Amino acid sequence: FSLLLTALAETRDPRRPQGRRYALAPLLLFSVLAVLAGATSYQGIITFIDVHRERLNTEFGVCFRRAPALNTLRNLFLALDPSDLEAAFRRHARYLDQRIGAEGWRTVALDGKTLRGSFDHLHDQPAAHVLSAFASDGALLLAHQEVAAAPDEIPAAPELIAELGLTGVLFTADALHC
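The rules behind these values
- Residues numbered from 1 in each chain as written.
- Predicted model: local features only at pLDDT ≥ 70, side-chain atom pairs only at ≥ 80, totals over all residues.
- Heavy atoms only, no water.
- Helix = DSSP H or I, 4+ residues; strand = E, 2+ residues; numbered from the N terminus.
- Buried < 20%, exposed > 50% of the residue type's maximum accessible area, 1.4 Å probe, protein only.
- Polar contact = N/O pair within 3.5 Å; in protein donor to acceptor, adjacent residues only side chain to side chain.
- Contact = heavy atoms within 4.5 Å.
- Expected span 1.5 Å × (residues − 1).
- Arc of directions from axis to C-beta.
- Phe/Tyr/Trp six-rings, centres within 6.5 Å; stacked < 30°, edge-to-face > 60°.

Let us look at the side chain of Arg-15. Mapped onto the elements of the fold, Arg-15 is located in the loop between helix H1 (2-8) and helix H2 (24-36). For Arg-15, a relative accessible area of 15% puts it in the buried group. Side chain to side chain, Arg-15 and Asp-13 meet in a polar contact 2.7 Å long. Not counting the four nearest positions on each side in its chain, Arg-15 is found in contact with Arg-20, Tyr-22, Ala-23, Leu-24 and Leu-76.

The next thing to look at is helix H6 (residues 153-164). Look at H6: 16 Å from first C-alpha to last across 12 residues, which is about the 16 Å you get at 1.5 Å a residue. All buried positions along H6 are accounted for by Glu-153, Ala-156, Ala-157, Leu-160 and Leu-164. An end-on view of H6 places all buried positions within 115 degrees of arc, on one side of the element.

The next subject is the packing of aromatic side chains. The final tally for this structure, using the stated rule, is four aromatic pairs. Between Phe-30 and Phe-60, the ring centres sit 5.8 Å apart and the planes meet at 55 degrees, which makes this aromatic pair tilted. In this pair, Phe-30 sits in helix H2 while Phe-60 sits in helix H3 (residues 42-60), placing the two residues 30 residues apart along the sequence. The same class applies to Phe-30 and to Phe-60, which are both buried. Aromatic side chains Phe-30 and Phe-64 sit 5.3 Å apart centroid to centroid with 65 degrees between the ring planes, which places their arrangement in the edge-to-face category. Here Phe-30 is found in helix H2, whereas its partner Phe-64 is found in the loop between H3 and helix H4 (70-79), with 34 residues between them in sequence. Linked through ring pairs, Tyr-22, Phe-30, Phe-60 and Phe-64 together constitute an aromatic cluster.

Listed below in structure tokens is the structure:
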């Protein structure tokens, strides 16, 4: 995960310099690890960091004296620019993809999914829909892009392919793109 930490270090920190008790990159990495371990809420992320704090400090060379407060985490996530995070994850995925070094024809599957539980009743917004690019030979998600709904995948697919900048790749898509 040190490679992901390096990619996250390039994310712009939206917090004021005076209020930075926790370094941004490790805090984001620990949050990712918490979600991978099953955390589904801010409190779950905080509990994960609190339980594993000493091990995380040792492994990643940081010095968190305690887990962040719920409002600290929530305000940070609300202030972060989603495109900065997406760029960091794409850099990390590109590096991992290059390390795989698959030979012959590579395949990347494009598919759209509606994210369960992402609708917003309060603001009357529909569920989020994303178009993803999955490198099947490396079992690696290279990128995803939010689209308004399933029909909007069609114009978004060529844009995503161009952004990936891959050559010698066979792209596949479902029947919607026929």
